[in-house]
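Survey of secondary and tertiary structure
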Amino acid sequence: MHGGPGTMKLNERSLAFYATCDAPVDHAGFLHKKGGRHTASHRRWFVLRGNMLFYFEGPGSREPLGVIVLEGCTVELVEAAEEFAFAVRFTGAHARCYALAAESQAALEGWVKALSRASFHYLRLVVRELEQQLAAMRGTGGDGEVTVPPRRPKENGCCSAVWSAEPPAAGPRCPPLPPRRRRASTPDRPPDSAPFAQLHEWYGQEVRALRGQWLGGQTQP
Amino acid sequence: MRYNEKELRALSQQPAEMAAELSMRGPKKGSVAKRRLVKLVVNFLFYFRTDEAEPLGALLLERCRVSQEEPGGFSISFIEDPERKYYFECCTQEQCQEWMEALRRASYEYMRCSLIFYRNEIQKMTGKDPLEQFGISEEARFQLSSLPRDRRAACVGTQLDELD
């Protein structure tokens, strides 16, 4: 762990768990990483998860050696002694530049593509664009409500299941909603025109109540 | 673990999704609550001494759990150790609610699930894949199959009987 005055704290333990958890990774493979300008390259096992590029001694390692936070970087091909060389470059004074090399042309292309689209900022741009498209299609773009997916994460990255509760959109192109199988009594149900977040919250409560009933039923002798 | 601290510090200086002075207490036994400037930037929660420009620390918000603690307070913990909590106190329950919602949606994983959800919704309505215009429709990380089964259902909408 980093120590001493002036260094930032980071939840490294959680980071290590995130690096090695069994969810599918976004990209993985061997890369050669140059330690410094005049030092040799080390062959490391790299794992891309979200906007974090972890590197391990090998695929079986339990803990990463390090991580590169990929916000604000550019990825570029470089002319170097090694074949299939590329760099992850950050901006600003004395900014880091990670000199890396893949082991084949295909691997090089795969990594450059994956890393250049790995940032949170990029993903958020795409999501916002899709949000707007969907809002425009539903004709709800004007009310300022931001639609959120029907998911109620108690824990980030590990959500309790919920379901889609939007009312059917107007227009002949939209498929009908599948019929609800059963429904608890619904006092105080918000109107179908209520903002999505409100409907989502209401149905989430219904879900929890029904789950409680079901689980209660299961434990009876 | 080594990390590019300089870049992380630079990130902490960027415009935040949310920022406020909150009371913060670390997970260690006997830790004391202190006033901190807390800033949410992408999937990191930075915290500063209230009169300093450089962050004291950062929490990566992946695989975290955000819970209500007493009225007006919340905690952040991580899946691998849910009892190890970072505590925060807000001025009002309203502010607390705002923070909890923002933090629950702050992870890269949540963003990815959102993308898959919107993609699916738009595809259902138009018959077209909206990711094609971005040239990313083939990426494995945006396929439904990249999500664990329980999250797949959440991202495309599911019926009551698919819960648990």
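Residues numbered from 1 in each chain as written. Chains lettered and ligands numbered in written order. Predicted model: local features only at pLDDT ≥ 70, side-chain atom pairs only at ≥ 80, totals over all residues. Heavy atoms only, no water.

Some words on the overall build of chain B
- Secondary structure assignment for chain B yields four helices and eight strands.
- Across its three principal axes, chain B shows a C-alpha extent of roughly 55 × 40 × 30 Å.
- Put simply, chain B has 164 residues, and 56% of those count as buried.
- Long-range pairs, those at least 24 residues apart, make up 43% of the contacts in chain B between residues at least 6 apart in sequence.
- In chain B, which carries 25 positive and 27 negative side-chain charges, the distance between the mean positions of the two groups comes to 5 Å. (Helix = DSSP H or I, 4+ residues; strand = E, 2+ residues; numbered from the N terminus. Buried < 20%, exposed > 50% of the residue type's maximum accessible area, 1.4 Å probe, protein only. Contact = heavy atoms within 4.5 Å. Lys, Arg positive; Asp, Glu negative; His and termini not counted. Charge placed at Lys NZ, Arg CZ, Asp CG, Glu CD.)

Some words on the packing of aromatic side chains
- According to the stated counting rule, one finds nine aromatic pairs over all chains in the structure shown.
- With a centroid separation of 5.0 Å and 15° between ring planes, the pair formed by F74(B) and F88(B) is classed as stacked. With F74(B) in strand 7 (residues 73-78) and F88(B) in strand 8 (residues 81-89), this pair connects stretches of sequence that are 14 residues apart.
- The exposure class of F88(B) is buried, given its relative accessible area of 2%.
- Above the ring of F30(A), the side-chain terminus of R43(A) is found at 3.6 Å from the ring centroid.
- In this structure, R25(B) is placed above the aromatic ring of Y87(B), and the distance from its NZ or CZ to the ring centre is 4.3 Å. (Phe/Tyr/Trp six-rings, centres within 6.5 Å; stacked < 30°, edge-to-face > 60°. Lys NZ or Arg CZ within 6 Å of the ring centre and 35° of its normal.)

Section: the sheet that holds strand 1 (residues 2-3) of chain B
- Spatially, 6(A)-7(A)-8(A)-2(A)-3(A)-4(A)-5(A)-1(B) is the arrangement adopted by the eight strands of the open sheet, whose pairing is mixed. What marks the edges here is a single partner per strand, and that holds for strand 6 (73-77) of chain A together with strand 1 of chain B.
- Pairing analysis gives five bridges linking strand 6 of chain A to strand 7 (residues 85-90) of chain A, with the strands arranged antiparallel. Note that in strand 7 of chain A the partner of C73(A) across the bridge is F90(A). (Pairing = 2+ DSSP bridges.)

Details of the packing of helix 3 (residues 120-138) of chain A against helix 3 (residues 108-126) of chain B
- At their nearest, the axes of helix 3 of chain A and helix 3 of chain B sit 9 Å apart, and the two run at 35° to each other. Pair helix 3 of chain A / helix 3 of chain B crosses with left-handed handedness. The residues of helix 3 of chain B that touch helix 3 of chain A, namely those facing F120(A), L123(A), R124(A), V126(A), V127(A), L130(A), E131(A), Q133(A), L134(A), M137(A) and R138(A), are Y108(B), M111(B), R112(B), S114(B), L115(B), Y118(B), R119(B), E121(B), I122(B), M125(B) and T126(B).
- Classifying every residue of the contact of helix 3 of chain A with helix 3 of chain B by side-chain character gives 13 nonpolar, three polar and six charged. (Axes fitted to C-alpha atoms, helices over the stretch in contact; angles between N-to-C directions. Left-handed = near helix turned anticlockwise from the far one by under 90°. Nonpolar A, V, L, I, M, F, W, Y, C, P; charged D, E, K, R; others polar.)

Examining unusual backbone geometry
All names here are of chain A.
- A positive phi is found at F84, a non-glycine position, where the angle reads about 55°.
- In this structure, F84 sits in the loop between strand 6 and strand 7.
- On the basis of relative accessibility, which here comes to 21%, the residue F84 falls in the partly exposed class.

Examining the UniProt feature "domain: PH" (unreviewed entry) in chain A
- Per the UniProt record, "domain: PH" (unreviewed entry) is annotated on residues 24-120 of chain A.
- In residues 24-120 of chain A, helix accounts for 13% and strand for 43%; the two terminal C-alpha atoms are 18 Å from one another. (UniProt positions renumbered as here; feature names shortened; annotations may be inferred.)

A look at the pattern of salt bridges
- Overall, the coordinates contain 16 salt bridges over all chains when judged by the stated rule.
- Its salt-bridge partner being E5(B), residue R9(B) comes within 2.9 Å of it at the nearest N-O pair. Remark: E5(B) and R9(B) occur in helix 1 (residues 5-12); sequence separation between them is four residues, near one turn of the helix.
- Its relative accessible area of 16% is what places R9(B) among the buried residues.
- Note that E69(B) is salt-bridged to K85(B), the shortest N-O span being 2.9 Å. With E69(B) in the loop between strand 6 (64-68) and strand 7 and K85(B) in strand 8, this pair connects stretches of sequence that are 16 residues apart. The burial state of E69(B) is the same as that of K85(B); both residues are buried.
- In the salt-bridge network here, residues are joined through shared partners; they are R117(A), E139(B) and R141(B). (Salt bridge = Lys/Arg side-chain N within 4 Å of Asp/Glu carboxyl O.)

Examining the nonpolar core
- By size, the foremost hydrophobic cluster in this structure holds 39 residues, and its most contacted members are L15(A), M52(A), F54(A), L8(B), F44(B), F46(B) and L115(B).
- Elements with a contribution of two residues or more to this core: helix 1 (12-20), strand 4 (52-56), strand 5 (66-69) and helix 3 of chain A together with helix 1, strand 4 (44-49), strand 5 (57-60) and helix 3 of chain B.
- Residue contributions to this core peak at seven residues, all from helix 3 of chain B.
- Viewed by domain, this core spans two of them, domain 1 (5-106) and domain 2 (108-154) of chain B, each represented by three or more residues.
- In this view, F46(B) contacts M8(A), L8(B), L11(B), S12(B), L37(B), V38(B), K39(B), V41(B), P55(B), G57(B) and A58(B); residues no more than four positions away in its chain are not counted.
- Among the nonpolar cores identified, the runner-up in size contains 24 residues, and M18(B), F78(B), A102(B) and A106(B) belong to it. (Core = buried A, V, L, I, M, F, W, Y, C linked by side-chain atoms within 4.5 Å. Domains from an automatic or database assignment.)

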